[in-house]
Amino acid sequence: MLLRAPDYFDRFHCIADKCPRNCCVGWEVVVDNDTAAYFAGVPGPFGDRLRAGLTVDGEGERCFVRQNRRCPFLDGRNLCEIYQVLGEEHTSRTCRLHPRFTEDYGSVRETSLSASCPVAADLLLGSEERLTFPATGELEAGECWTDAWEPLLFACRERALAILQTRSLPIRTRFTWFLLFSNEVQSALDEEQTEGLQDLCEAYGDLPEELPALELTGPGLFPAALKTLERLEILEEDWLPLLRAAEAAPRRKLPDWMLERMAAYFVFRDFCKAVRDGDLLSRAEFAVLAPLCVEHLSAAGIAPQEALYRFCREIEHDPDNLAALQTAFCEDPALGLRAFFWQLAND
Ligand code: SF4
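What comes next is a walk through the structure. (Residues numbered from 1 in each chain as written. Predicted model: local features only at pLDDT ≥ 70, side-chain atom pairs only at ≥ 80, totals over all residues.)

**Brief notes about the overall build of the protein chain**
This is how it is decided: Secondary structure is summarised from DSSP: a helix means a run of H or I of at least four residues, a strand means a run of E of at least two, and numbering begins at the N terminus for each. In this setup the radius of gyration rests on C-alpha atoms only. A globule is expected at 2.2 Å times the number of residues raised to 0.38. Buried means a residue has 20 or more other C-beta atoms within 10 Å of its own C-beta, exposed means 12 or fewer, and partly exposed covers the counts in between; C-beta atoms are placed from the backbone. Note on contacts: each residue gets a C-beta atom placed from the backbone, and two residues are in contact if those atoms are within 7 Å.
Along the protein chain, the regular secondary structure elements total 16 helices and six strands. A compact globule built from 347 residues would reach a C-alpha radius of gyration of about 20 Å, and the protein chain, at 21 Å, matches this within 12%. Seen along its three principal axes, the alpha-carbon backbone of the protein chain occupies a region of about 70 × 55 × 35 Å. Looking at the protein chain as a whole, 36% of its 347 residues qualify as buried. Contacts in the protein chain between residues far apart in sequence, at least 24 positions, make up 73% of those at least 6 positions apart.

**Regarding the sheet that holds strand β5 (residues 108-113)**
Rules: Pairing between strands is defined by DSSP: at least two bridges between the two strands are required. Here, axes are lines fitted to C-alpha atoms. For helices the fit covers the stretch in contact, and angles between N-to-C directions go from 0 to 180 degrees.
The strand order across the open sheet built from four strands is β4-β5-β1-β6, with neighbouring strands paired in mixed fashion. The outermost strands of the open sheet, each flanked by one partner alone, are β4 (100-105) and β6 (135-137). Across the sheet, the axes of successive neighbouring strands diverge by a mean angle of 20°, strand direction being ignored. When strand β1 (residues 2-4) meets β5, the two strands line up parallel, connected through three bridges. Across the sheet, Leu2 pairs through a bridge with Val108, a residue of β5.

**A word on the site of the ligand**
Going by this rule: Any residue whose C-beta atom, as set from the backbone, lies within 6 Å of a molecule or strand is reported as near that molecule or strand. Gly counts as polar in this scheme, as do all residues outside two lists: the nonpolar Ala, Val, Leu, Ile, Met, Phe, Trp, Tyr, Cys and Pro, and the charged Asp, Glu, Lys and Arg.
Within the structure, the ligand sits among Cys14, Ile15, Ala16, Cys19, Arg21, Asn22, Cys23, His98, Pro99, Cys117, Pro118 and Val119. Looking at the shell around the ligand, its residues break down into nine nonpolar, two polar and one charged.

**Here we look at the pairing of β5**
Bridge analysis of β4 against β5 gives six bridges, and the strand direction is antiparallel. Directly across from Phe101, in β5, lies its bridge partner Ser112. Hairpin remark: β4 followed by β5, antiparallel, with two residues in the connecting loop; positive phi at Gly106, about 60°.

**Concerning helix α7 (residues 171-190)**
The condition is simple: Multiplying 1.5 Å by the helix residue count minus one yields the expected span of that helix.
Here α7 is 20 residues long and its end C-alpha atoms lie 28 Å apart, about the 28 Å a rise of 1.5 Å per residue gives. Listed in full, the buried residues belonging to α7 are Ile171, Arg174, Phe175, Thr176, Trp177, Phe178, Leu179, Phe181, Ser182, Val185 and Leu189. The elements touched by buried residues of α7 are α6 (150-164), α8 (197-203), α11 (256-270), α13 (281-298) and α16 (337-346).

The quantities given are spatial measurements derived from coordinates; they are silent on function.
Take a look at the structure:
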């Protein structure tokens, strides 16, 4: 099996009670079968508390009963009681793995660190270098992809990352080239023209400084994008005031390397998931919209790292919000490709 992860992956350590946004507050914590089976046999009052702390959510998943939005086993010092009493190995799988998320593509396993975690966001924005995704292990004889499209999408993702990391060009030019490329890949996917994808990757190998003439129709993505985020599901009560402050704040630009690293993170996490539903373009649009939103949020007076983990907690980590944005990219002209091009040309 081939394993791939971002280059900062091994430097992650949870800071537990020092965390400014604890992942045991707000979100539902799912409890897997093995952990629940272990809980069933824990004797004494703590065992009784464990069993009483479980419920089943609306989708039939077993989870902890939250109290004031908190996991019932998060103590007054924001430390996990299950970890302290039973040991880390008896916390639920969700607790042990978060913020690590794994995707399997045949015999390739990719693991990322969700930037909804403040430590992961710090690591992502803690270097100006190009973000890399080193691989370990190798594909053995007989190991293979699960879908014939997967190796093609991986090649397209390599090219997409190379476009985003072409530092001889300004980041907004790179974003535009990246969207143009993604749009062409999407057309090829729609028409099942897989044989043309390799040529397409090569055609975008040497980017000219000048963009092609594009049909630019205003008024661009902002503030429409922030207003769209206001209408989505909300996790934390201070999110809406932050969005409104970002709308009113004077423009603040973040360095190109920061926008580049954020976009590369989203492309690594999402691009190849198009193999499941054929929708690559909206994932590319999200990879551009997210850093631009972080730029606007940080204009409201918070550090870019905080803006990033706040955005990811509210949007990237919520499948319903992601699906709503995917639909908006397709159906709402205010978030359409032309609005992206206009914004990137006029920022
Ligand atoms: S959000 Fe990150 S640092 Fe904070 S408690 Fe969760 S895993 Fe630890």
